[in-house]
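Structure at a glance
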Amino acid sequence: MNQIEKDEYFMQLALKEAKKAADIGEVPIGAVLIKDEEIISKAHNLREVEQRAIAHAELLAIDQACKENGAWRLEGTTLYVTLEPCAMCAGAIVLSRVNRVVYGAKDPKGGCAGTLMNLLEEDRFNHQCEVVSGVKEEECREILSTFFRNLRDRKRKEKEERKKGL
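Okay, so let's go over this structure. Small disclaimer: the values here were computed from a predicted structure and weren't measured.

**Quick notes on the packing of aromatic side chains**
Evaluated as defined, the whole model comprises 3 aromatic pairs. Aromatic side chains Phe147 and Phe148 sit 5.1 Å apart centroid to centroid with 80° between the ring planes, which places their arrangement in the edge-to-face category. Judged by relative accessible area, Phe148 falls into the partly exposed class, the value being 32%. Ring pairing ties together the aromatic residues Tyr9, Phe10 and Tyr80, which thus form one cluster.

**Notes on the pairing of strand S4 (residues 100-105)**
Burial analysis of S4 places 6 of its 6 residues in the buried class, which makes it a mostly covered element. Sheet topology places strand S3 (residues 77-83) next to S4; 5 bridges connect them, and they run parallel. Paired with Tyr80 across the bridge in S4 is Val102. Tracing the backbone out of S3, into helix H4 (residues 87-95) and back to the parallel element S4 gives a crossover that is right-handed. As paired strands, S4 and strand S5 (residues 130-133) are joined by 4 bridges and run parallel to one another. Note that in S5 the partner of Val101 across the bridge is Val131.

**Side note on the pattern of salt bridges**
Under the defined criterion, the tally for this structure stands at 14 salt bridges. Among the ionic pairs, Glu37 bridges to Lys6, the shortest N-O distance being 2.7 Å. Of this pair, Glu37 sits in the loop between strand S1 (30-35) and strand S2 (38-44) while Lys6 is found in helix H1 (residues 3-23), placing the two residues 31 residues apart along the sequence. Classification of Glu37 as partly exposed rests on a relative accessible area of 47%. Taking relative accessible area as the criterion, Lys6 reaches 17% and is therefore assigned buried. For Glu130, the salt bridge identified is with Arg100, shortest N-O distance 3.4 Å. Within this pair, whereas Glu130 is found in strand S5, its partner Arg100 is found in strand S4, the two being separated by 30 residues in sequence. Given a relative accessible area of 11%, Arg100 falls into the buried group. Beyond isolated ion pairs, a larger network of salt bridges with shared partners links Asp7, Arg100 and Glu130.

**Side note on the state of the cysteines**
Scanning the entire structure with this criterion turns up 0 disulfides. For Cys66, which is in no disulfide, the shortest distance to another cysteine sulfur is to Cys129 and amounts to 13 Å. The thiol sulfur of Cys129 is not disulfide-bonded, and the nearest other cysteine sulfur, from Cys89, lies at 12 Å.

**Some details on helix H3 (residues 57-69)**
The terminal C-alpha atoms of H3, which comprises 13 residues, lie 18 Å apart, in line with the 18 Å expected from a rise of 1.5 Å per residue. Three or more residues of H3 are buried, namely Ala57, Glu58, Leu59, Leu60, Ala61, Ile62, Ala65 and Cys66. In the core, the buried residues of H3 are packed alongside S1, S2, S3 and H4. Where H3 terminates, the next one or two residues include Gly70, which has phi positive at roughly 65°.

**So, the sheet that holds S3**
Spatial ordering of the open sheet is given by S2-S1-S3-S4-S5, a layout of 5 strands whose pairing is mixed. Two strands bound the open sheet, and with one partner strand each, they are S2 and S5. Neighbouring strand axes in the sheet, compared pairwise and without regard to direction, differ in orientation by 15° on average. Sheet contacts for H1: S1, S2, S3, S4 and S5; angle to S3, the most-contacted strand, approximately 55°.

Cut-offs applied
Residues numbered from 1 in each chain as written. Predicted model: local features only at pLDDT ≥ 70, side-chain atom pairs only at ≥ 80, totals over all residues. Heavy atoms only, no water. Phe/Tyr/Trp six-rings, centres within 6.5 Å; stacked < 30°, edge-to-face > 60°. Buried < 20%, exposed > 50% of the residue type's maximum accessible area, 1.4 Å probe, protein only. Helix = DSSP H or I, 4+ residues; strand = E, 2+ residues; numbered from the N terminus. Pairing = 2+ DSSP bridges. Right-handed = clockwise from strand over helix to strand, strands pointing away. Salt bridge = Lys/Arg side-chain N within 4 Å of Asp/Glu carboxyl O. Disulfide = S-S within 2.5 Å. Expected span 1.5 Å × (residues − 1). Contact = heavy atoms within 4.5 Å. Axes fitted to C-alpha atoms, helices over the stretch in contact; angles between N-to-C directions.

What follows is the structure, encoded as structure tokens:
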């Protein structure tokens, strides 16, 4: 398997994690962390379920990998995530020494891996990551678009129901 095929394979697994998030009403973002082509952790957003601002898929996957490996340095790893990391997640990625980040959809409102800024390749930090964007981009974008379209529709219907009840 070449690198493109590997990236697509692991991004498909991240999409499965994103689907798990969508199934419980979370913003559908999934992450898979690998080392030597083996999964060392995977996670999906749990911010709404846990009511924790830091329960992003990337942070949960990093935290799980650190606990299981007994080390905070995740050198030699690649993180696959369905949406471009935010500033908080990009900071955790740099601090945990992830070597490579592969993401699907760009985040025009919060992306810090090339869209608004690129914290992952910032040479003023003591660690930089290789960044690969756009892997399975359409599928990653679609799961998010569908989720937010359904959320807007549900809120609109709830508003209409409240008006009828008055």
